[in-house]
Amino acid sequence: MVHCAPRGGYALRIRVLRLKKGEIMAEPILPDVQMNLVRASDPVIAGVVSNELCMRGKSASFVKHLVLDVGNTALAGAFRAGQSFGVIAPGVDERGKPHKVRLYSVACPTWGEDGAAQHVSTTPKRLIEEFVPQKPADDPDDHQLFRGVCSNYLCDVRAGDEVRLTGPNGKRFLLPADVHAHDYVFLATGTGIAPFRGMLLELLEGRDGPCSSRIDLVMGSPYTTDLLYDDLLQRLAAEHDNFHYHTAISREPRRGKPTGLYVDGLLNEQFDYFGPLLDNERTIIYLCGLMGVRVSLFRMLAAQGLSDAYLQVNASLLAKRPGDWSSSEIRKGIKPSGRCMLEVY
Ligand code: FAD
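Bear in mind the structure is a predicted one, so any value in this text is a computation, not a measurement.

Conventions we followed
- Residues numbered from 1 in each chain as written.
- Predicted model: local features only at pLDDT ≥ 70, side-chain atom pairs only at ≥ 80, totals over all residues.
- Heavy atoms only, no water.
- 1 Å grid on protein atoms, 1.4 Å probe; cavity = no way out; pocket = protein on both sides within 12 Å on 5 of 7 lines; lining within 4 Å.
- Points joined across faces, edges and corners; volume = space filled by probe spheres on them.
- Helix = DSSP H or I, 4+ residues; strand = E, 2+ residues; numbered from the N terminus.
- Nonpolar A, V, L, I, M, F, W, Y, C, P; charged D, E, K, R; others polar.
- Domains from an automatic or database assignment.
- Core = buried A, V, L, I, M, F, W, Y, C linked by side-chain atoms within 4.5 Å.
- Buried < 20%, exposed > 50% of the residue type's maximum accessible area, 1.4 Å probe, protein only.
- Contact = heavy atoms within 4.5 Å.
- Near = heavy atom within 4 Å.
- Polar contact = N/O pair within 3.5 Å; in protein donor to acceptor, adjacent residues only side chain to side chain.
- Areas by Shrake-Rupley, 256 points an atom, 1.4 Å probe, with all protein chains shown as cover.
- Sits in = over half its atoms within 2 Å of the grid points.
- Pairing = 2+ DSSP bridges.
- Axes fitted to C-alpha atoms, helices over the stretch in contact; angles between N-to-C directions.

> Talk me through the layout of surface pockets; I want residue IDs and the actual numbers.
Estimates place the volume of the largest pocket at around 1,400 Å³. Around the largest pocket, the lining comprises 49 residues; the ones closest to its centre are Lys125, Gly190, Thr191, Leu290 and Tyr345. Of all the elements in the fold, those that place two or more residues in the lining of the largest pocket are β8 (102–105), α1 (149–156), β14 (215–221), α4 (263–269), α6 (291–303) and β19 (340–344). Take the lining of the largest pocket: its biggest share by element is 4 residues, from β8. Along the lines of polarity and charge, the residues of the lining of the largest pocket split into 22 nonpolar, 20 polar and 7 charged. Structurally, the lining of the largest pocket is a two-domain feature, drawing no fewer than three residues from each of domain 1 (8–30 + 172–344) and domain 2 (44–169). Counted as a void, the second largest pocket has a volume near 370 Å³. The wall of the second largest pocket is formed by 18 residues, among which Trp111, Val179, Glu202, Gly206 and Asp208 lie closest to the centre. In terms of residue class, the lining of the second largest pocket is made up of 10 nonpolar, 4 polar and 4 charged. When we break the lining of the second largest pocket down by domain, the ones giving at least three residues each are domain 1 (8–30 + 172–344) and domain 2 (44–169).

Here is the structure:
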């Protein structure tokens, strides 16, 4: 690890990986960001600007694009694309305590939805499940719907409502300081698309003109109708030759095939296309979304011989076939390298 003194507003932090003899690969340099300016004990009040569905079609899930006005608060101008912020839902939990902070990814570029970093957006999805008894006193035959506290609150708010926010959070899931020095593979499942919406707008519609780096986005979704921000992503792909938008639809049969594809399945199936890109030392992988995708991505990278670039794998796992790695072994025995950015929840 090489530490350099901060210069030009960025803390320069380069980790140099030794690969084969004489060959070195520099990990991306990340910008310095502001963190935890606003704490849960003293949240700021944001006004709801708009709250609209952002799915491609009719679906069993409900996901919104929520825009919040943080002007005149400590959060104005404080976010970077890739970070998240905290939301405190009104009311109290079943123990009579104020609800805990839930985090939501920033879905806009660093200059916000309004170009002045006063309006920040996110992508809340309603969490709806069947009620599962939690305490001995709960009725085991109660099958009413369980509605997640904060996600449903955020999906319900209307223009003019007030929302309590904290943050910003996150200092690693960021675009590099020099965006031109790298190519990008963005992997999203569901609301994991939120940070990539912001990053893509930042890379492709920035004030200094579009970044010409190669950018591939793979969006994973159960059904085509669940795709999020699909109009925007199709438009960006049509307007920018360096941006490639792929979809992995898991529950719809494909032409000539009985099953759909998950994100890692698409990378594997189209490895002639993705292999050279992943093998290129300019490439950074970003993965955001469901926790389980991390496991399948790590297995896929190792099986394809790409673990040196993206993962630090402990010796006991190296002795096993990647396909046999369990999720707990992966959790304990693998650390992503600086070229593999993860935000899973
Ligand atoms: P909660 O009320 O907190 O429920 C949480 C869990 O409890 C549920 O999974 C539910 O299964 C279970 N549960 C509790 N009691 C019961 C019961 N009686 N019966 C059945 N189940 C029960 N989410 C987004 O939608 N968009 C984002 O952009 C986003 N970004 C994130 C970024 C980060 C960095 C992180 C860490 C998380 C992010 N999340 C995002 C997830 C978000 O923080 C919340 O976890 C999510 O919205 C659910 O919160 P909730 O309050 O609605 O659910």
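> An account of the nonpolar core is requested, with residue identities and associated values reported.
Ranked by internal contacts, the top residues of the largest apolar core, which has 39 residues, are Phe186, Phe196, Leu217 and Tyr286. Every element with two or more residues in this core is listed here: β13 (183–189), α2 (194–204), β14, α3 (230–239), β15 (243–249) and β16 (283–289). Here this core gets 7 residues from one element, more than from any other, and that element is α2. Not counting the four nearest positions on each side in its chain, Tyr286 is found in contact with Phe173, Leu174, Leu175, Pro176, Tyr184, Val185, Phe186, Leu187, Phe196, Met199 and Met341. In this structure, Leu261, Phe271, Leu278 and Leu317 belong to the second largest nonpolar core, which totals 31 residues.

> Let's hear about the site of the ligand: which residues, and what values?
Close to the ligand lie 22 residues, the nearest being Leu103, Tyr104, Glu129, Cys150 and Ser151. Between Val149 and the ligand, the recorded distance is 2.9 Å, taken from a backbone N or O atom to an oxygen atom. For the ligand, an oxygen atom lies 2.8 Å from a polar atom in the backbone of Cys150. Contact with the protein chains hides 77% of the accessible area of the ligand, taken as 980 Å² for the molecule alone. Here the ligand is seated within the largest pocket. Residue assignment for the shell around the ligand shows that the elements contributing at least two residues are β8, β10 (128–130) and α1. Of all the elements, β8 adds the most residues to the shell around the ligand, at 4 residues. In terms of residue class, the shell around the ligand is made up of 10 nonpolar, 7 polar and 5 charged.

> Run through empty space enclosed by the protein, naming residues and quoting values.
Under the definition given, this model contains 1 cavity of 30 Å³ or more. Estimated volume of the largest cavity: approximately 70 Å³. Of the residues that constitute the lining of the largest cavity, the class distribution is 9 nonpolar, 5 polar and no charged.

> Residue-level account of unusual backbone geometry, with values.
Cis geometry marks the peptide bond from Gly167 to Pro168; its omega dihedral reads -10°. Along the chain, the position of Pro168 falls in strand β12 (residues 162–169). With phi around 50°, Asn36 is a residue other than glycine that occupies positive phi space. Mapped onto the elements, Asn36 comes out in the loop between β4 (24–26) and β5 (44–53). Despite not being glycine, Asn72 has its phi angle at roughly 65°, a positive value. With respect to the element layout, Asn72 can be found in the loop between β6 (64–69) and β7 (84–88).

> So what's going on with the sheet that holds β12? Residues and values would help.
Pairing is antiparallel across the open sheet formed by 6 strands, whose spatial order is β8-β7-β12-β5-β6-β9. The open sheet has two free edges, formed respectively by β8 and β9 (119–122), since each of these has just one partner strand. When the angles between neighbouring strand axes are averaged without regard to direction, this sheet yields 40°. Where β7 and β12 come together, 4 bridges link them in antiparallel fashion. Each residue of the ladder has a partner; that of Ile88, found in β12, is Arg164. Those strands touched by α1 are β5, β6, β7, β8 and β12, and its axis lies near 50° from that of β8.

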